[in-house]
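So you can see what is in the structure, the chains are spelled out below.
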Amino acid sequence: MVRIAVVDRELCRPSKCNLECTRFCPVNRTGNKAVEIVGGKARIYEEVCTGCGICVKKCPFKAISIVNLPDELEKSLVHRYGPNGFKLYGLPIPREGSILGIIGKNGTGKTTAIRILAGEMKPNLGLEREPSWDEIIRRFRGSEIQTYFKKLADGKIRAAHKIQYVDLVPRKIKGPVGKLLEIADERGVVKDVAKFLGLNALWDRDVRKLSGGELQKFLVAAVISKDATIYLFDEPGSYLDVRERVRVARAIRSFIPKNRYVVVVEHDIAMLDYLSDYVVIMFGEPGTYGIASKPYGVRVGINNFLNGYLPAENMRIRSEPIRYQLTLTDTTPVTGKRYLSWSKLSVKLGAFKLEVEAGELYEGEVLGILGPNGIGKTTFVRVLAGELKPERGDVEKPLPNLKVSYKPQYVSPELFGEEKTVENVLREANPSVLTPGSWLYVELVKRLRLDKLLDRRIDELSGGELQKVAIAYTLAKEAHVYLLDEPSAYLDVEERLAVAKTIKRLTETRGVAALVVEHDIAVQDYLASRIMVFRGKPGFEGYASKPMNLKDAMNLFLKELGVTIRKDPETGRPRINKEDSYLDRLQKRIGQYYYIPRPSEKEAE
Ligand code: ADP
Ligand code: ADP
Ligand code: SF4
């Protein structure tokens, strides 16, 4: 066994603790040194440390983690962020002419791997000095990685990389979209790509005026138009609605020349599945170590991931499998008391008009909302809350002062106050969320793993961490209706499902209702008891359907997109059919855009 001791350099603050790790360490007490403070942080000597785990428990900031891993894994060590830093084992290996999809928890080294593949970072093989390329290539002799590293060493790899956090872009570049795209264009394709992605209307707009979704498409178009050896897309689905996700996937498939390497990291499993030719699963202990699995076929790989077991590695990565519903009923499941109802509504907001079909909301219900941005979803909720008066129609409420707690689509540190800590923010929402053992603490702080972040400042958090704080803040408040606009942006698959479970459980326990705007079809399928579909012309007119069962709502929604989805018979997860495939044609013919194929139909897949 090899011992890994990792000290989180942000969490470790020796000036604020009583140096519990050094004082309580049994090895230190014998006069040896297993842990000491070096350069203002705890330093654990792995060769001396016995792995007793006492410091892990004693550290008040939970800065230390210690794990034991099989010896043979060390042979595949690619990188370590310094002594007591995160360790990355293996790499997802791209193949010429194929699209490699990477799936896995945040903090298991996906970005590190991408940066190494892009040649932005040289792997150090876990050494405290920089190894030569010869040494690196020798280490991986006989493996697929060797060929790739050889190309990197010879300067034969030129990368085009779509970064994860698109929001950062307007801070770094300025100018009109079209001009910037023309500068980026190295293959003379950017006009076609931009047209395909619906960017033409934005050609003269300043990038600083773009919404998150528009920025995403702008960057995808810029990266596709590069003349690179490898194209890397880190979360290309964020901020896009379903139609746009499918479009971006198709653009990546069709506009990149066939003999290149393409790598995509994506947490929307339906999009990843649709886009990839094969997948690699990144697993391990977030922040401590990450391992790249062997390559798997797309269907099998994603199913293994959901099952929580990787057969080629003989490795259990989760104790419980993730399962979706394996039935689709035509009836509307209605349980509980009617919570509120509305007649046919007509709302006018400046030049925007919204028509809503009559509907009702039940106690304990999670109502999913599907539809593009700017179509009136927030407007509808504001009408329910009584903030806006409809021109026609009424909302019938059980209580005179219906309170709504709302998480907007874009979450920035300024929303809370950059200098506040996570603890301050959660206390403002509801002090009882901070009482260990209370059900709010268990459901929000524990389940979303915010306990390690309580002392951190809001402006130091990553996008995913900030999203989880915003979700906890919204759900901790006392309200009657909770509206969550895109809660899964920047969250990994596991976190998305943890959030979905939390929303369901809190809504049921409190007897309130939640409306969740979500573009990840797999999350929506997992979460929603019923769905409202918003259609129309964003910014001009919106039509909201009544709440419908999953099958009918998806059917209505997908028919308009011209996209068909089948549910995987093993896991129940939704899979987007390839255009013009057997099932795509069959489902369109029988008018079942969301469908569980029969065994005979599956054969023909
Ligand atoms: P992912 O993309 O899967 O979220 P990353 O590759 O970004 O994972 O990071 C994996 C871990 O590596 C992080 O949790 C962090 O602890 C560590 N890490 C990332 N970048 C650095 C760095 N520059 N210095 C030290 N540690 C880092
Ligand atoms: P969604 O939540 O679906 O993204 P919204 O309900 O926020 O959409 O907005 C729908 C449309 O109404 C948008 O085009 C928006 O510009 C417009 N709108 C929103 N609020 C106002 C307002 N106060 N005055 C005029 N137009 C508005
Ligand atoms: Fe203090 Fe924890 Fe750092 Fe040790 S690891 S010095 S206990 S903060």
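For the structure itself, look to the data block above.
A short tour of the structure in this document, coming up. (Residues numbered from 1 in each chain as written. Chains lettered and ligands numbered in written order. Predicted model: local features only at pLDDT ≥ 70, side-chain atom pairs only at ≥ 80, totals over all residues. Heavy atoms only, no water.)

## Digging into the overall build of the protein chain
Keep this limit in mind: Under the scheme used here, helices are H or I runs from DSSP no shorter than 4 residues and strands are E runs no shorter than 2 residues, and both carry numbers assigned from the N terminus. For every residue, the accessible area (1.4 Å probe, protein chains only) is compared with the maximum for its type, and the residue is labelled buried under 20%, exposed over 50%, or partly exposed between those bounds. Contacts were defined at the residue level, with two residues in contact if any of their heavy atoms lie within 4.5 Å. Counting rule for charge: Lys and Arg are taken as positive, Asp and Glu as negative, and neither His nor the chain ends is counted. In this description, the location of a charge corresponds to atom NZ of lysine, CZ of arginine, CG of aspartate or CD of glutamate.
Each helix and strand in the protein chain was counted, giving 22 helices and 29 strands. Counting only C-alpha atoms and orienting by the principal axes, one finds that the protein chain spans roughly 80 × 55 × 55 Å. Looking at the protein chain residue by residue over its 605 residues, the buried ones come to 57%. If you take every contact in the protein chain between residues at least 6 apart in sequence, the share linking residues at least 24 apart comes to 69%. For the protein chain, the distance from the average site of its 96 positive side-chain charges to the average site of its 79 negative ones is 1 Å.

## So, the sheet that holds strand 21 (residues 395-396)
Definition in use: A pair of strands is considered paired only if DSSP assigns at least 2 bridges between the two.
In space, the three strands of this open sheet follow the order 19-16-21, with antiparallel pairing throughout. Two strands lie at the open edges of the sheet, namely strand 19 (359-362) and strand 21, each paired on one side alone. Note that strand 16 (residues 338-342) and strand 21 share two bridges and pair antiparallel. By the bridge assignment, Trp342 is partnered in strand 21 with Val395.

## Considering the sheet that holds strand 27 (residues 565-567)
Taken together, the three strands give an open sheet; going across it, the order is 28-27-29, and neighbouring strands pair in mixed fashion. This sheet does not close on itself; its edge strands, each paired only once, are strand 28 (574-576) and strand 29 (594-595). Two strands pair when backbone bridges link them, and strand 27 and strand 29 are joined in this way by two bridges, in the parallel orientation. Across the sheet, residue Ile565 finds its bridge partner in strand 29, namely Tyr594.

## Description of the site of ligand 3
Applied cut-off: Nearness is defined per residue: one heavy atom within 4 Å of the molecule or strand is enough. Residue polarity follows a fixed list, in which Ala, Val, Leu, Ile, Met, Phe, Trp, Tyr, Cys and Pro are nonpolar, Asp, Glu, Lys and Arg are charged, and the others, Gly among them, are polar.
All residues adjacent to ligand 3 are Cys12, Arg13, Pro14, Cys17, Glu20, Cys21, Ile37, Ala42, Cys59, Pro60, Phe61 and Ile64. Of the residues assigned to the shell around ligand 3, the class counts are ten nonpolar, no polar and two charged.

## Brief notes about empty space enclosed by the protein
Note the threshold: A cavity, in this analysis, means grid points on a 1 Å lattice covering only the protein atoms where a 1.4 Å probe fits yet has no way out; a pocket is instead an open set bounded by protein on both sides within 12 Å along at least five of seven lines, and a residue lines either one if it has an atom within 4 Å of a point. Grid points are joined across faces, edges and corners, and a volume is the space filled by probe spheres set on the points.
One pass over the structure, following the stated rule, counts six cavities of 30 Å³ or more. Taken as a whole, the largest cavity holds about 100 Å³ of empty space. Taken together, 15 residues line the largest cavity, and the ones lying closest to its centre are Cys25, Ala34, Cys49, Cys52 and Cys55. For the lining of the largest cavity, the secondary structure elements donating two or more residues are helix 2 (26-29) and helix 3 (54-58). Of the residues that constitute the lining of the largest cavity, the class distribution is twelve nonpolar, three polar and no charged.

## Let's talk about the site of ligand 2
What counts, and what does not: Residues adjacent in sequence count toward polar contacts only when both atoms are side-chain atoms; beyond that, a polar contact is any pair of N or O atoms within 3.5 Å, and within protein one must be able to donate a hydrogen and the other to accept it. The Shrake-Rupley method, run with a 1.4 Å probe sphere, supplies the accessible areas, and residue values consider only the shown protein chains as cover.
By nearness alone, every residue bordering ligand 2 is listed as Leu349, Gly350, Phe352, Pro372, Asn373, Gly374, Ile375, Gly376, Lys377, Thr378, Thr379 and Gly539. At 2.7 Å, a backbone N or O of Gly374 approaches an oxygen atom of ligand 2. Summarising the interface, the protein chains cover 62% of the accessible area of ligand 2, which totals 560 Å² for the free molecule. It is helix 14 (residues 377-384) that provides the largest number of residues to the shell around ligand 2, a total of three residues. Its residues assigned to classes, the shell around ligand 2 comprises four nonpolar, seven polar and one charged.

## Notes on the side chain of Ser238
With respect to the secondary-structure elements, Ser238 resides in the loop between strand 9 (230-234) and helix 11 (242-255). Apart from residues no more than four positions distant in its own chain, Ser238 is found in contact with Gln216 and Tyr490.

## Some thoughts on unusual backbone geometry
Of note in this structure, Asn84 is not a glycine but carries a positive phi near 60 degrees. With respect to the secondary-structure elements, Asn84 resides in the loop between strand 5 (77-80) and strand 6 (87-89). One non-glycine residue, Asn314, lies in positive phi territory at about 50 degrees. Taking relative accessible area as the criterion, Asn314 reaches 58% and is therefore assigned exposed.

## Describing the packing of aromatic side chains
How two aromatic rings sit relative to each other is set out by the distance from centre to centre and by the angle between their planes. Operational definition: Classification of ring pairs uses Phe, Tyr and Trp, with its six-membered ring standing for Trp, and accepts pairs whose centres are within 6.5 Å; under 30 degrees between planes counts as stacked, over 60 as edge-to-face, and the remaining range as tilted. Geometrically, a charge over a ring is one whose NZ (Lys) or CZ (Arg) sits within 6 Å of the ring centre while staying within 35 degrees of the ring normal.
Here the structure, examined in full by the defined rule, presents eleven aromatic pairs. With centroids separated by 5.4 Å and ring planes inclined at 80 degrees, the aromatic side chains of Tyr148 and Tyr261 adopt a geometry described as edge-to-face. Pair noted here: Tyr148 is in helix 6 (residues 144-153) and Tyr261 is in strand 10 (residues 261-265), with a separation of 113 residues, a long-range link. On the accessibility criterion, Tyr148 (3% relative accessible area) is buried. Its relative accessible area of 7% is what places Tyr261 among the buried residues. Feature note: the residues Tyr165, Tyr239, Tyr410 and Tyr490 constitute an aromatic cluster, connected by ring pairs. Here the guanidinium or amino end of Arg13 rests over the ring plane of Phe61, the centre of that ring lying 4.4 Å away.

## A short note on the nonpolar core
Inclusion rule: Buried residues of nine kinds, namely Ala, Val, Leu, Ile, Met, Phe, Trp, Tyr and Cys, make up a nonpolar core once their side-chain atoms join them within 4.5 Å.
Grouped together as the largest cluster of nonpolar side chains are 94 residues, with contacts concentrated most on Trp342, Phe380, Leu426, Leu444, Ile503 and Leu515. For this core, the leading source of residues is helix 17 (residues 463-476), giving eight residues. Apart from residues lying up to four places away in sequence, Ile503 is in contact with Val366, Leu475, Leu484, Ala514, Val516 and Leu527. If you look at the next biggest cluster of nonpolar residues, it comprises 65 residues, including Ala221, Tyr231, Ile252 and Leu328.

## Quick look at the packing of helix 8 (residues 177-184) against helix 10 (residues 212-224)
Put simply, the rule reads: Axes here refer to lines fitted to C-alpha atoms; in helices the fit is confined to the stretch in contact. Angles between the N-to-C directions go from 0 to 180 degrees. Working rule for angles: under 35 degrees goes down as roughly parallel, over 145 as roughly antiparallel, 65 to 115 as roughly perpendicular, anything else as oblique. Here a crossing is called left-handed whenever its near helix is offset anticlockwise from the far helix by less than a right angle, and right-handed whenever the offset is clockwise.
Close contact between helix 8 and helix 10 brings their axes to 8 Å; oriented N to C, the two are set at 25 degrees. Relative to helix 10, helix 8 is oriented roughly parallel. For the pair helix 8 and helix 10, the crossing hand works out as right-handed. Between helix 8 and helix 10, the contacting residues are Val177, Leu180, Leu181 and Ala184 on the first element and Phe218, Ala221 and Ala222 on the second.

## Structural notes on the pattern of salt bridges
Rules: Each salt bridge in this description consists of a side-chain nitrogen of Lys or Arg and a carboxyl oxygen of Asp or Glu lying within 4 Å of one another.
One pass over the structure, following the stated rule, counts 44 salt bridges. Notably, a salt bridge pairs Glu96 with Lys151, separated by 3.2 Å at the nearest N-O pair. Of the two residues, Glu96 sits in the loop between strand 6 and strand 7 (99-104) while Lys151 sits in helix 6, which places them 55 residues apart along the sequence. Judged by relative accessible area, which is 24%, Lys151 ranks as partly exposed. Two residues, Asp273 and Arg573, come together in a salt bridge whose shortest N-O distance is 2.8 Å. Of this pair, Asp273 sits in helix 12 (residues 269-275) while Arg573 sits in the loop between strand 27 and strand 28, and the two are 300 residues apart along the sequence. The class for Arg573 is buried, based on a relative accessible area of 0%. Overlapping salt bridges bring together Glu10, Arg456, Glu460 and Glu465 as one network.

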